[in-house]
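Chains, contacts and geometry: an overview
The primary structure of each chain is shown beneath.
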Amino acid sequence: MALSSETHFGIARKIVSNMTAESWETIPHAVMNYEPDVTEFMKECKKLNEGNTDPAKKITINTVMLRVICEGLKAAPKLNAHLEFNRKLVRGCLRTYDHIDISMPMILPNGEMMTINMHDMGSKSMLEMTAAIHDAARKAKNTDLNEVMFEVSLDNTLTALRRGKVAQTINRLVGSKTGKHKVHTLKGSKKKKYYSIPTTDRLTKHDIEQGTITITNLGSIYRPYRGECTLLEIVPPQVAAIAVNAAQRRPVVTKDADGNENITIGTVMPITLAFDHKALDYGDVVPFVQKLDEIFANPSIIQEWK
């Protein structure tokens, strides 16, 4: 058997691998799948862009679903929280927030993926959300992934040092500064040129810092996919993560004018929600699902969010 290739982790992969490893080592994941009938909802989504000829103002399904989920989080605020837990002392503290900062994976122009913090999305209209997403994509085009990830990594390392985690700090420095695994960042004139770009035109640590919850739209990554995510990781200290799957044509049960049930072909959009069982129980998720049920049963409400 001959080795075909060998690729050492770059800083982005290092950060992702470290965070996801910590997730599975420290968080007892509980997962539920929710499969709403969105047949009428999808029709309302199409109406949002009627008469609009400006691509920059097109409201996508992704944006609508972000708003739907924000409404669900307002009804179930414990999902929009960070957890501080000390297992040795069995002490925990759940901190909920009055703003919704969505950690949203985004594919960069070079094909790499970065999780962007879409700040305060719960207070925005869908046009404002659209503008915020477009602005993040615009700034991503001018962003050096290694540089912005190194800023985050350095900040995390210094935070760990302030908390007395000396061994962790030393290990991280050795891992990022030595041998084949050394992280390469910009130097000299290239670095000077990059940092001369205004922070309003490139992503910074503020744009990729930890949000209050992670929401991934798997449907936008591969639309033909037929199935649903059955497990996803929660990034600590967050206590929940949500995956929106591709809308799919499936048999659904409907009622006619006389109340008789029939099987018809409709559109279903599976939604996967994982939560930290240390902090939450299934009952804490119920208000979230109830709110989404309400929206999908009365989808014309989305016209008011534009």
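So, a few notes on the structure that sits alongside this text.

Conventions we followed
- Residues numbered from 1 in each chain as written.
- Predicted model: local features only at pLDDT ≥ 70, side-chain atom pairs only at ≥ 80, totals over all residues.
- Heavy atoms only, no water.
- Pairing = 2+ DSSP bridges.
- Helix = DSSP H or I, 4+ residues; strand = E, 2+ residues; numbered from the N terminus.
- Buried < 20%, exposed > 50% of the residue type's maximum accessible area, 1.4 Å probe, protein only.
- Polar contact = N/O pair within 3.5 Å; in protein donor to acceptor, adjacent residues only side chain to side chain.
- Contact = heavy atoms within 4.5 Å.

**Observations regarding the pairing of strand 8 (residues 248-255)**
When a strand is regular, its side chains alternate between the sheet's two faces. Examined bridge by bridge, strand 8 and strand 9 (residues 261-268) share 8 bridges and lie antiparallel to one another. Considered in strand 9, the bridge of Val253 is made with Ile263. The hairpin turn running from strand 8 into strand 9, its antiparallel successor, is 5 residues long, and Gly259 in that turn takes a positive phi close to 85 degrees.

**Section: unusual backbone geometry**
The peptide bond linking Pro236 to Pro237 adopts the cis configuration, its omega dihedral lying at 10 degrees. As for its position among the elements, Pro237 is in the loop between helix 9 (218-221) and strand 7 (240-244). Here Val90, not a glycine, exhibits a phi torsion of approximately 55 degrees, which is positive. Within the fold, Val90 resides in the loop between strand 2 (81-86) and strand 3 (91-96). Given the relative accessible area of 64%, Val90 is considered exposed. In the Ramachandran plot, Asp120 falls in the positive-phi region, its phi being about 50 degrees despite a non-glycine side chain. Overall, the relative accessible area of 32% leaves Asp120 in the partly exposed class.

**Some points on the side chain of His29**
Tracing the chain through its elements places His29 in strand 1 (residues 29-34). Here Ser23 takes part through its side chain, which lies 3.3 Å from a polar atom of the side chain of His29. Engagement of the side chain of His29 in a polar contact is seen with the backbone oxygen of Ile27, the distance being 2.9 Å. Ignoring anything within four residues of it in the chain, the contact list for His29 reads Ser23, Trp24, Leu232, Glu233, Ile234 and Phe275.

Fair warning: the whole summary comes from geometry, so function is off the table for now.
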